[in-house]
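Listed below, chain by chain, are the residues.
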Amino acid sequence: MRSDPFEAIGRNRVSLSVLTTPSDDNGLGHVFGGVVFSLMERAAYIAASRHVGMTCVARGMGDVEFQVAIEIGEVLHVVAEVLVAAHTSVLVQVDAYAERVVEGELRHTNSCLATMVALGSDGRPVAVPGRRPASRESRVAVLRGLAAKEILDRARHAVTEAFEEIATLDDATLEGRLASMGID
Ligand SMILES: CC(C)(COP(=O)(O)OP(=O)(O)OC[C@H]1O[C@@H](n2cnc3c(N)ncnc32)[C@H](O)[C@@H]1OP(=O)(O)O)[C@@H](O)C(=O)NCCC(=O)NCCS
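Within each chain, residue numbers correspond to sequence positions counted from 1 in written order. In keeping with the model being predicted, local features are shown solely for residues with a pLDDT of at least 70 and side-chain atom pairs are shown and tallied solely at 80 or more, while totals for entire chains, interfaces and linings include all residues. The side-chain quantities take in all heavy atoms of the structure and omit both hydrogens and water.

**Student:** Run through the site of the ligand, naming residues and quoting values.
**Tutor:** Near is defined per residue: the residue qualifies when any heavy atom it owns lies within 4 Å of the molecule or strand. In the region of the ligand, 17 residues are neighbours, and A58, R59, T88, S89 and R156 sit closest. Any N or O atom pair separated by 3.5 Å or less is treated as a polar contact, with the protein-specific requirement of one donor-capable and one acceptor-capable atom, and with residues adjacent in sequence counted only for side-chain atom pairs. Contact distances for the ligand include 2.6 Å between an oxygen atom and a side-chain N or O atom of T88. The contact in question runs from an oxygen atom of the ligand to an N or O atom on the side chain of K149, over 3.4 Å. Contact with the protein chains hides 58% of the accessible area of the ligand, taken as 960 Å² for the molecule alone. Sorting the residues of the shell around the ligand by element identifies strand 2 (56–60), strand 5 (105–118) and helix 2 (136–167) as the ones contributing at least two each. Accessible surface is estimated by sampling points in the Shrake-Rupley manner with a 1.4 Å probe; for residues, cover comes only from the protein chains shown. By the criteria applied, helices consist of DSSP H or I runs no shorter than four residues and strands consist of E runs no shorter than two, each listed in order from the N terminus.

**Student:** Outline the sheet that holds strand 1 (residues 13–19), listing residues and values.
**Tutor:** Strand order across the open sheet formed by five strands is 1-3-4-5-2, with antiparallel pairing between neighbours. Both edges of this open sheet fall to strand 1 and strand 2, since each of them pairs with a single strand only. Neighbour to neighbour, the strand axes of the sheet diverge by 35 degrees on average, direction disregarded. Should DSSP find at least two bridges between two strands, the strands are taken to pair. Relative to strand 3 (residues 75–86), strand 1 is paired through seven bridges, and the arrangement is antiparallel. In the sheet register, V14 faces strand 3, and the bridge partner there is A80. Note on definitions: a residue-residue contact is assigned when non-hydrogen atoms from the two residues lie within 4.5 Å. Every axis in this analysis is a line fitted to C-alpha atoms, fitted for helices over the stretch in contact. Angles between the N-to-C directions lie between 0 and 180 degrees. Contacts from helix 1 (residues 33–52) reach strand 1, strand 2, strand 3, strand 4 (89–100) and strand 5 within the one sheet, and its direction differs from that of strand 3 by about 40 degrees.

Everything listed here is a matter of geometry and, on its own, says nothing about what the molecule does.
Right, dumping it as structure tokens:
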């Protein structure tokens, strides 16, 4: 028996698969987005918590989109991979795939960057252990993760500022802006 069951896939990667069934049906013969999202969060939880040896919770799941439908009866696969652990959070790349098992067709359906925060016993964020990247591949992954985190942080601040500015607009300006977008 293998001494480390994770040796083959690597400890930073988690792969979860589930056969979709009629209870997942959104009424159109397709899988509910929440079913896909749930598996993505679970995979991110395992990858992050295993990586830092602490319980992690999802603080943000990036910009999850559902551009490609998954048919009921297809197998949903989710692969989560830790990109970087820094400060109190772990950034996890999560990719979902659908497989028609009989035909042997596999297609990518969606992805997200999950921010998983490590929690202490008081339920508050705690610092995660930093890991020195040992190989070129892991140095590239860490820099990619940090670049993605910086971009996401900037985008979050920009959205907050835009929301605050919109909340201060008077009624005439609100109507003018909607009209300029073709919304009466
Ligand atoms: C996780 C939790 C304890 C964090 O508390 P908080 O006061 O938001 O903590 P902070 O503001 O210090 O942020 C903690 C980390 O999240 C990151 N973060 C903050 N807002 C974020 C957002 N919108 N998206 C992604 N990451 C975010 C911060 O950058 C920080 O990471 P860093 O220390 O590595 O830089 C709290 O938000 C919580 O309990 N959330 C619910 C988690 C949960 O139940 N998830 C399951 C889905 S319901």
